[in-house]
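A closer look at the structure
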Amino acid sequence: MSKIHVLDIELANQIAAGEVIERPSSVVKELVENALDANANNIAVYIVAAGREEIRVEDNGEGMSKEDAVLAFSRHATSKISSKFDLFHIKTLGFRGEALPSISSVANVELLTSQGDVGTLVKIKNNVLTSEVARSRKGTIVKITNLFYNTPARLKYLKADYTENANTIETFTRLALAHPEVAFSLYIDNKLRLETSGRGDLKETIMNLYGLHVAKNLVPFSYKTPDYEIEGYLGKAELARSNRYSIIVNLNGRNVYMPKVQAAIIDAYHDFLAPTRYPFVVLNFKIEPALVDFNVHPTKKEVRFSKETELRLALIRLIPETLLQTDLVARPYQSEPFIYEKKAEEKYEQLTLKFEDSVKEKESPIIQERESEVLPQRPLEIKKGDDSVIKSPFLQPIGQLNLTYIVCEDGEGGFCLIDQHAAMERINYEHFQDVLSKPKHVRSPLTPLLIDLTAAETQLLTKDKLELLLTVGIKLVPFGINSFRVEEVPIFQKGYDEELYVRDVINIAINENELDLTKLYREAISSMACKASIRANQFLSISDMKNVIDSLSKTTNPYTCPHGRPVIIRFTKYELEKMFKRTGT
Ligand SMILES: Nc1ncnc2c1ncn2[C@@H]1O[C@H](COP(=O)(O)OP(=O)(O)O)[C@@H](O)[C@H]1O
Ligand SMILES: [Mg+2]
């Protein structure tokens, strides 16, 4: 007797639902994507009891005819693609025709829709579909109740309400960021939690979702090639987070997961953030649909993009360039010891955003207006681009604090504190970078140098890696079974431990999965710079301090040390006056 039989449609839908409908936030994602595909410019999401009781999405999109409204619940029923060609030129968010049948197999659904004339109400209860004529305005309302009523395991797997709501807020936020041209609102338990203006301005949308503090600390970023376009914002160091969830990448209006692109962004921020901090970044990519494959995973979160390597390299180069053109000098109130009067706007925190004031003033350019009230004064003289970013003649050292910080006047009535170790690290870092970038700056080790490795290490030190080491000035020649003779090392400043350096770099070369030359190079340089730098607790004369400031002013990024910690903190005249309540008198 045959053992194989075709699954009945209900079961097949439930299996599909297992993939695409994991939790309330997945329902929100699918329904909002449908609304976006229907060209809605106003989308409201309502969540009751974390979605266990009700999830409702209302849109003002094109709506559906009576026939389509019923057909939409059949498996693989879609209006979005019809041929293989379409599959490789996806312009919509949906295309698999799976969401509605999947949702209706694990929940009860009511869909009220109209194309502007007579409307249709489709109800699916316990997998039974009925439809009737109903009054409705143009657009669609989809209401989901009893989610996972027939899949107890899924229901049990749901987390506490606040966790599920946090997931929904995250999903909603990402959809809204990918579509600044659409006005979104999110109600949780009948309270408005988030709302965007839908005026097409990404910065305003970021402010709507994350608050003014975030919006004030963004650097615009844009880049265009014949194959793709990037528009977005890079967060300054003060927006750094302890996890990578705030690196948001949207591709053709879809929030996507591109781990390598994310890694490139983190890498690009290397010089600007402390080692375990991650940047706040929102980038919207527009890519020629033929170059992208969304059909990798049922949730379409993962994508393949044929020019990904190019894109990564561009980001690694352009992000630091863009950041360096901005005022990045740290300010006292980032570490906030002196704030006694918090601005009302600073209460606007991510996720717990209260919205009322900001969106009511829809017609006024909110961001610009408030910015002008609270933005700090101009910092040290900044020039776009390269060399003398900080004009050293203005910085006059007046003393040393705790044998650690150089105190100097800024020439404009304020003062700066410079972390002497961080400053020297930056100076040496750029110095070594310069030395290593020139060919022929190698020499034999001062004393004959043999490096013993373990068998595993030797195994991993492939020919490619030996060649890679050569590019950073280290020439290793096999010498016995697990030993190498060091024939060349780069030229260093006096006093540097050659063996330690060579070992450090070999370690990096071995442990990196990819042969990432820039990273290897940078870590080598940064470890050299750190070891060769003056420490804290070292006395500096005024002329030593002048030398430090002078050399610092010649670096390309005097603001942060190679590990991302701030080098200079400035207290402007204005800030001092504010702290002493001398302003406006
Ligand atoms: N909010 C909506 N407005 C207009 N049409 C919709 C809406 N939601 C769904 N539809 C229609 O129902 C079809 C099936 O939706 P879905 O199951 O999500 O599959 P897909 O989005 O992959 O096509 C869509 O192709 C679309 O034609
Ligand atoms: Mg869909």
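Residues numbered from 1 in each chain as written. Chains lettered and ligands numbered in written order. Predicted model: local features only at pLDDT ≥ 70, side-chain atom pairs only at ≥ 80, totals over all residues. Heavy atoms only, no water.

1. Digging into the pattern of salt bridges
Here is the rule: Take a side-chain nitrogen of Lys or Arg and a carboxyl oxygen of Asp or Glu: if they are within 4 Å of each other, that pair is a salt bridge. Here a strand is any run of E in DSSP of at least two residues, a helix any run of H or I of at least four, and the numbering for each starts at the N terminus. Relative accessible area decides the class of each residue, using a 1.4 Å probe on protein chains only: under 20% of the type maximum gives buried, over 50% gives exposed, and in between gives partly exposed.
Counted by the stated rule, this structure contains 20 salt bridges. Across the pair R503 and E499 runs a salt bridge whose closest N-O atoms are separated by 3.5 Å. Within this pair, R503 and its partner E499 are both found in helix α17 (residues 498-511), separated by four residues, close to a single helical turn. The class for E499 is partly exposed, based on a relative accessible area of 34%. Sharing partners across several salt bridges, the network here consists of E54, R56, E58 and R137.

2. Here we look at unusual backbone geometry
In the Ramachandran plot, D189 falls in the positive-phi region, its phi being about 45° despite a non-glycine side chain. Here D189 shows up in the loop between β7 (183-188) and β8 (191-195). Backbone geometry at L403 places phi at a positive 50°, although glycine is not the residue there. On the secondary structure map, L403 appears in the loop between β16 (396-401) and β17 (405-409).

3. Some words on a nonpolar patch on the surface
This is how it is decided: Within this analysis, patches are made of residues with over 30% relative accessible area and no salt bridge. Like charges are joined at 9 Å or less; nonpolar side chains (Val, Leu, Ile, Met, Phe, Trp, Tyr) at 5 Å or less. Here the open area of atoms and residues is found with the Shrake-Rupley method and a 1.4 Å probe, where only the protein chains shown may cover a residue.
A cluster of nonpolar residues, L7, L11 and I15, forms a patch on the protein surface that exposes about 260 Å² of accessible area. Along the chain, the position of I15 falls in helix α1 (residues 9-20).

4. Some words on the site of ligand 1
Applied cut-off: Whether a residue is near a molecule or strand depends on its heavy atoms: it is near if one of them lies within 4 Å of it. Any pair of N or O atoms that falls within 3.5 Å is considered a polar contact. Within protein, one atom must be able to donate a hydrogen and the other to accept it, and sequence-neighbouring residues count only if both atoms are side-chain atoms. For this classification, Asp, Glu, Lys and Arg are treated as charged, while Ala, Val, Leu, Ile, Met, Phe, Trp, Tyr, Cys and Pro are nonpolar and the rest, including Gly, are polar.
Looking at ligand 1, there are 20 residues lining it, with N34, T78, S79, K80 and G97 nearest. Between a nitrogen atom of ligand 1 and a side-chain N or O atom of D59, the distance comes to 2.9 Å. Within the backbone of L100, an N or O atom sits 2.9 Å from an oxygen atom of ligand 1. For ligand 1, whose accessible area on its own is 540 Å², the fraction buried by protein is 93%. Where the shell around ligand 1 is concerned, the elements lending two or more residues are α2 (24-37) and α5 (99-106). Taken together, the residues of the shell around ligand 1 break down into nine nonpolar, seven polar and four charged.

5. Focus: the sheet that holds strand β4 (residues 119-125)
The criterion, for reference: Paired strands, in this sense, are two strands between which DSSP finds at least two bridges. Axis lines are fitted through C-alpha atoms, for helices just across the contact stretch, and the angle between N-to-C directions can take any value from 0 to 180 degrees. Note on contacts: a residue pair qualifies if any of its non-hydrogen atoms lie within 4.5 Å across the two residues.
The eight strands are arranged β5-β4-β3-β6-β2-β1-β7-β8 in an open sheet whose pairing can be described as mixed. Both edges of this open sheet fall to β5 (128-134) and β8, since each of them pairs with a single strand only. Each neighbouring strand pair of the sheet contributes to a mean axis angle of 15°, computed without reference to strand direction. The sheet contact formed by strand β3 (residues 108-114) and strand β6 (residues 139-145) spans seven bridges and is antiparallel. Note that in β6 the partner of T113 across the bridge is T140. On the sheet, helix α7 (residues 161-178) packs against β1 (42-48), β7 and β8 and is oriented at approximately 175° with respect to β7.

6. Concerning the sheet that holds β16
Taken in spatial order, the four strands line up as β16-β17-β18-β23 in an open sheet, and their pairing is antiparallel. The two strands at the open ends of the sheet, each matched to only one other strand, are β16 and β23 (568-571). The sheet shows a mean angle of 25° between the axes of neighbouring strands, direction not considered. Alignment of β16 against β17, held across five bridges, turns out to be antiparallel. Directly across from G399, in β17, lies its bridge partner V407.

7. A short note on the side chain of R174
Within the fold, R174 resides in helix α7. Under the relative-accessibility criterion, R174 is labelled buried at 13%. Non-local contacts of R174, meaning those with residues more than four positions away in its chain, are made with Y245, I248, N250, N255 and K301.

8. A closer look at the packing of aromatic side chains
For the record, the criterion: Aromatic rings from Phe, Tyr and Trp, with only the six-membered ring used for Trp, were paired whenever their centres fell within 6.5 Å, and each pair was classed as stacked if the ring planes differed by under 30 degrees, edge-to-face if by over 60, and tilted otherwise.
For the structure on display, the rule yields six aromatic pairs. Between the aromatic rings of Y228 and F305, the centroid separation amounts to 5.8 Å while the plane-to-plane angle is 90°, which identifies the pairing as edge-to-face. Taken together, the residues span a long stretch of sequence, with Y228 in strand β10 (residues 228-235) and F305 in strand β15 (residues 304-305) at a distance of 77 residues. Among the residues examined, Y228 registers a relative accessible area of 3% and is labelled buried.

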